[in-house]
Structure formats: C-alpha cells, structure tokens
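# Per-entry structural report
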Amino acid sequence: MSIFWNQRIKALDPYVPGEQPRDRNFIKLNTNENPYPPSPRAVEAMERILKEEKGSGLRLYPDPLCTEFREAVAEAYAVKPEEVFPGNGSDEVLAFAFGAFFESSGGTAACFNHGVLPENDKRLPVFFPDITYSFYSVYARLWEVPYKTIPLAEDFSIDLTAYQNAGGVIIPNPNAPTGNALPADDLLPLAQSLEKNGRVLIVDEAYTAFGGQSIVPRITDHPNLLTVHTLSKSASLAGLRVGFAIGNAPLVKGLFRIRDSFNSYTMDRLALAGGAAAVLDKSYYDKINRRVMATRERSAAALLAMGFVVIPSKANFLFVSFPAISGETLFHALRDRGILVRHFNKPRLTNYLRVSIGTDKDMDIFLSACKAIVKEKG
Ligand SMILES: *Cc1c(COP(=O)(O)O)cnc(C)c1O
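This write-up is about the structure you can find in this document. Every value quoted in this text rests on a predicted model; they were computed, and no experiment measured them. (Residues numbered from 1 in each chain as written. Predicted model: local features only at pLDDT ≥ 70, side-chain atom pairs only at ≥ 80, totals over all residues. Heavy atoms only, no water.)

To continue, consider the overall build of the protein chain. Each helix and strand counted, the protein chain has eleven helices and 13 strands in total. In terms of overall dimensions, the protein chain is globule-like: its C-alpha atoms have a radius of gyration of 21 Å, near the 21 Å expected for 378 residues. Dimensions of the protein chain along its principal axes, counting C-alpha atoms only, are 65 × 55 × 50 Å. Pairs at least 24 apart in sequence give 73% of the contacts found in the protein chain among residues at least 6 apart. By element, 53% of the accessible surface of the protein chain is carried by carbon and sulfur atoms, the whole surface being about 18000 Å². The protein chain carries 42 positive and 41 negative side-chain charges, and their two centres are separated by 3 Å. (Helix = DSSP H or I, 4+ residues; strand = E, 2+ residues; numbered from the N terminus. Rg over C-alpha atoms; globule rule 2.2 N^0.38 Å. Contact = heavy atoms within 4.5 Å. Areas by Shrake-Rupley, 256 points an atom, 1.4 Å probe, with all protein chains shown as cover. Lys, Arg positive; Asp, Glu negative; His and termini not counted. Charge placed at Lys NZ, Arg CZ, Asp CG, Glu CD.)

Right, dumping it as structure tokens:
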C-alpha cells in the first residue's frame with residue numbers, strides 16, 4: 001500500500017502468473033507453453049524484418065489496422081478480415097472485451113456472489129464458472145464489472161442451464177484449469193437467449209486446437225458471439241504476445257474503440273509478421289499439436305494406472321490429484337526433483353495439480369518422479 005495509490009488500484013486483485021524461473025533448469029510444466037518450437041515460417045518472417053535494411057523498418061510505427069495479420073487470420077479461419085480483432089496476447093483482447101461488452105457498476109467493484117443485488121438495482125452481473133481462468137475476475141474488478149461465479153458440477157463439468165439471465169457470459173472451451181470440453185454447439189442456445197437480452201457471450205478458445213471444437217463457424221448466425229484465440233499455446237509463441245478475437249464486425253469495431261482509447265499500436269511489426277506466418281502454417285502446427293495430444297493420452301493412462309485421479313482433458317495439460325497425497329505435498333516433491341507444475345491454493349482445487357504436456361522425454365521424467373513419490377508417500 002502507498003498513500004499515493006488511488007481507490008481504483010487499492011481495490012484491484014492482480015493475476016499472479018506461473019513462475020518463470022531464471023536460476024535453475026527445471027522441467028517446466030507449469031504455464032502451458034508448447035514444448036515444440038514455433039513454425040520455421042514464422043521465425044523466417046521475423047528474421048526478414050530484422051535483416052531488411054538492418055531492421056530499418058522498425059523506425060516506422062506498425063500498421064494500426066494490422067491489415068496483413070487480420071487477412072491471414074481471416075484466411076485461416078474462413079472469416080472476413082473485419083471480423084478479426086488483433087491484440088498483444090489474448091489476455092489483452094479479453095481485457096478489452098470486458099471493457100467493451102460488460103456493463104460496469106460505476107464506482108464499486110461489486111461481486112454479487114453471495115447475495116442479492118442491492119434493492120432497485122437493475123444491473124445484471126456477468127457470469128462465469130467458479131473454477132476457470134483466474135484472470136476473468138481480475139478484469140471484472142479492473143473495469144468494475146459486477147460478476148457472479150457459477151459452481152462447476154462435482155465432475156468439473158459446466159451446467160449451461162445455470163447461465164441464463166446474465167449481464168454477459170464468458171466461458172473457456174475447453175475450460176482451464178480442468179481441461180473439460182463442451183461440444184461447441186451446446187453453447188448456441190445460451191448465445192441465443194443472451195442475444196435476446198442484448199448481452200454478449202465470449203468463448204475463450206485458448207486450448208481448442210488440442211482436440212476441442214471451435215464455435216467460430218457460428219459467429220455469422222450469432223451477432224453477440226465473440227471468440228478469443230491465442231498463439232501462446234497451440235502456436236508455440238507465448239513469448240511473442242499475439243492473440244485475436246473473431247466475431248461480427250460491430251463487435252470488432254467496439255474492441256477497436258477501446259483499444260484506440262488506450263494504445264493504437266498493441267502489436268509490433270515483429271508480432272504482426274510472425275503471427276501472420278504462424279496462423280497460415282496449419283500443417284506444421286497440426287503435426288506438433290497431434291504429438292502433444294498423443295503424449296497427453298499416454299501420460300493420462302500412465303497416471304491412472306498409478307492411482308491418480310485424471311480429469312479427461314482436451315487441452316495441452318492434465319488436471320490430476322492423488323487421493324492419499326495433498327496437492328501441496330505433490331507440488332513440492334516434484335519441485336525438489338526439478339519439475340515445475342502449477343498448484344492453485346483454492347478450496348476445490350487445492351488437491352489438484354495442473355500439469356502442462358511437455359515433450360515425451362519431459363513426460364517420462366515426470367511420470368517416473370510421480371511413481372517414486374507415490375511409492376515414498378502414498
Ligand atoms: C493462456 C490463456 C490465455 C492467455 O493467453 P495469452 O495470449 O498468452 O495472453 C487466455 N485464456 C486462457 C483460458 C488461457 O489459459
């Protein structure tokens with residue numbers, strides 16, 4: 001706390017990203033990065049910018065409309081460029097979407113979880129699952145958007161009937177950190193009922209490329225449907241910071257209005273060129289992500305055989321627990337063996353670990369460590 005902080009920053013509850021260790025060489029299975037390198041075409045596109053006239057193009061501001069990048073996304077997803085909103089990682093796109101489409105309470109960062117709205121209050125809170133990407137509540141607080149979290153079922157699945165009458169809904173499909181996925185079309189009745197009330201449904205497709213179903217082909221019929229995508233996980237470019245939204249042109253225009261009230265150049269020239277080449281190199285990414293999925297299935301089977309509980313996953317991570325060992329004990333035992341995974345110290349999650357899928361070699365080391373820990377402590 002500082003006496004110089006205003007009320008707004010005092011009320012924030014910032015996101016804490018997974019550890020990026022700098023001192024020790026861990027097997028890093030804690031932030032869902034892709035274990036394989038990015039597309040060689042993406043790397044070449046960026047090298048070209050650095051080499052051409054010794055990078056002199058960097059003197060100039062990038063294209064604020066991100067034309068080539070949006071055309072590349074449009075081609076890859078069979079949509080129109082005006083249906084694509086580009087950003088500095090999907091976290092930024094999500095932050096803008098909260099600001100653009102969810103109504104703020106105007107003054108107090110209210111969470112209406114445990115009670116009723118104040119009397120005479122006509123505002124509706126935004127709904128999202130109680131167990132989901134923890135950045136959503138952070139954005140809600142930043143923008144002073146009232147929100148309500150809807151509990152996942154006992155098996156961590158999402159009960160969509162509980163999401164009616166919301167001021168807007170955001171759902172990741174597959175969900176994080178559980179990896180659970182819904183058939184994309186299951187979300188359409190919700191999109192329709194929200195549309196009647198003039199509300200937006202955001203579907204975060206950060207992990208869809210690992211075996212989930214994309215709802216992008218449905219945007220044409222649903223003007224209130226916004227999908228959000230990232231190159232951080234499925235395109236091995238977490239370090240480049242590229243994300244985008246796909247939705248009807250008026251939604252995209254709304255996002256540009258927010259962006260241009262903040263920073264017109266959120267994507268730099270390297271990110272624009274590398275990102276465009278990456279989204280077009282589908283065959284390369286299909287190949288490496290099929291490998292990630294095969295490693296996931298093999299690792300899940302091995303963990304189940306050891307007695308772990310493994311939530312069925314369509315993402316590039318597994319959400320696992322071992323009945324006789326606490327999540328925290330497991331986390332530290334793995335860390336002591338040089339393996340970093342993610343532990344969330346929250347009521348329903350504390351016995352679980354989220355394990356990103358690494359290379360086959362990484363996972364073999366992880367699986368042997370699990371075997372040893374279970375033998376010692378289980
Ligand atoms: C990783 C992740 C993001 C953020 O991705 P960036 O593009 O790296 O900002 C968004 N949503 C979910 C559900 C994620 O897991």
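Still to come is the rest of the account.
Turning our attention to unusual backbone geometry. Note: most residues except glycine have negative phi, and most peptide bonds are trans. A cis geometry characterises the amide bond from Asn173 onward to Pro174, with omega recorded as 0 degrees. Backbone geometry places Phe156, a non-glycine residue, at a positive phi of 70 degrees. By the secondary structure assignment, Phe156 is in the loop between β4 (147-150) and β5 (169-172). We classify Phe156 as buried; its relative accessible area is 5%. (Buried < 20%, exposed > 50% of the residue type's maximum accessible area, 1.4 Å probe, protein only.)

Before going further, it helps to spend a moment on the nonpolar core. With 92 residues, the main nonpolar core has Leu303, Phe308 and Phe366 as its most contacted residues. At eight residues, helix α9 (residues 282-306) tops the list of elements feeding residues into this core. When sequence neighbours within four positions are dropped, the list of residues in contact with Phe366 reads Leu29, Leu303, Leu334, Ile339, Val341 and Val355. (Core = buried A, V, L, I, M, F, W, Y, C linked by side-chain atoms within 4.5 Å.)

The next subject is the pattern of salt bridges. A complete count under the given rule lists eleven salt bridges for this structure. For the salt bridge of Arg296 with Glu297, the shortest nitrogen-to-oxygen distance reads 2.8 Å. Classification of Glu297 as partly exposed rests on a relative accessible area of 44%. Three or more residues joined by partner-sharing salt bridges are found here, namely Arg298, Asp360 and Asp364. (Salt bridge = Lys/Arg side-chain N within 4 Å of Asp/Glu carboxyl O.)

Below, the discussion takes up the sheet that holds strand β12 (residues 342-343). Spatially, four strands are ordered β9-β10-β13-β12 in an open sheet, and the strand pairing comes out antiparallel. Unpaired on one side and paired on the other, β9 (309-311) and β12 mark the two borders of the sheet. (Pairing = 2+ DSSP bridges.)

All right, on to helix α4 (residues 90-101) then. Over its twelve residues, α4 extends 16 Å from the first C-alpha to the last, a length consistent with the 16 Å expected when each residue adds 1.5 Å. The buried count for α4 comes to nine of twelve residues, which makes it a mostly enclosed element. Turning to α4, its buried residues number three or more, namely Ser90, Glu92, Val93, Leu94, Ala95, Phe96, Ala97, Phe98 and Phe101. (Expected span 1.5 Å × (residues − 1).)

On to the site of the ligand, then. If you check the shell around the ligand, you find Gly89, Ser90, Asp91, Leu94, Tyr133, Asp204, Ala206, Tyr207, Thr230, Ser232, Lys233 and Arg241 and nothing else. In this structure, an oxygen atom belonging to the ligand sits 2.6 Å away from a side-chain N or O atom of Thr230. Within the side chain of Lys233, one N or O atom sits 3.0 Å away from an oxygen atom of the ligand. Among the elements that take part in the shell around the ligand, α4 stands out by supplying three residues, more than any other. (Near = heavy atom within 4 Å. Polar contact = N/O pair within 3.5 Å; in protein donor to acceptor, adjacent residues only side chain to side chain.)

What follows is about a nonpolar patch on the surface. A contiguous nonpolar patch, built from Met1, Trp5 and Ile9 and spanning about 350 Å² of accessible area, is present on the exposed surface. Along the polypeptide, Ile9 turns up in helix α1 (residues 7-11). Taking the relative accessible area as the measure of exposure, Ile9 reaches 36% and is therefore partly exposed. (Patch = residues over 30% accessible without salt bridge, like charges linked within 9 Å, V, L, I, M, F, W, Y side chains within 5 Å.)

Right, let's get into the packing of aromatic side chains. Tallied over the full model, the rule gives 22 aromatic pairs. Judged by centre distance (5.1 Å) and plane angle (80 degrees), the ring pair of Tyr284 and Tyr285 falls under edge-to-face. There is no split in this pair, since Tyr284 and Tyr285 are both buried. On the numbers, 4.8 Å between centres and 10 degrees between planes, the contact of Phe319 with Tyr352 is stacked. Placement of Phe319 in strand β10 (residues 317-321) and of Tyr352 in the loop between β12 and β13 (353-356) is noted, with a sequence separation of 33 residues between them. By the burial criterion, Phe319 is buried, and Tyr352 matches it. Linked through ring pairs, Tyr15, Phe98, Phe102, Phe128, Tyr133, Phe135, Tyr136, Tyr139 and Tyr147 together constitute an aromatic cluster. Directly above the aromatic system of Tyr36 lies the positively charged group of Arg291, at a separation of 4.9 Å from the ring centroid. We note Arg354 situated over the ring of Phe317; from NZ or CZ to the ring centre the distance is 5.8 Å. (Phe/Tyr/Trp six-rings, centres within 6.5 Å; stacked < 30°, edge-to-face > 60°. Lys NZ or Arg CZ within 6 Å of the ring centre and 35° of its normal.)

Within strand β7 (residues 225-230), six of the six residues are buried, leaving the element largely enclosed by the surrounding structure. Both faces of β7 are covered, namely the face carrying Leu225, Thr227 and His229 and the face carrying Leu226, Val228 and Thr230. Relative to β7, strand β6 (residues 201-204) runs parallel, the two being bridged by four bridges. Counterpart to Leu201 in the pairing with β7 is Leu225.

The subject of this paragraph is the environment of Asn180. One can find Asn180 in the loop between β5 and α6 (188-196). Placed 107 residues apart in sequence, Asn180 and Lys287 show a C-alpha to C-alpha distance of 23 Å.

Here the focus is the layout of surface pockets. Looking at the largest pocket, its volume works out to about 760 Å³. If you go around the largest pocket, you meet 35 residues; those closest to its centre are Ser134, Phe344, Asn345, Lys346 and Leu349. Broken down by secondary-structure element, the contributors of at least two residues to the lining of the largest pocket are β3 (126-129), α5 (135-143), β4, α10 (327-336) and β12. Grouping the amino acids of the lining of the largest pocket by side-chain chemistry returns 17 nonpolar, ten polar and eight charged. (1 Å grid on protein atoms, 1.4 Å probe; cavity = no way out; pocket = protein on both sides within 12 Å on 5 of 7 lines; lining within 4 Å. Points joined across faces, edges and corners; volume = space filled by probe spheres on them. Nonpolar A, V, L, I, M, F, W, Y, C, P; charged D, E, K, R; others polar.)

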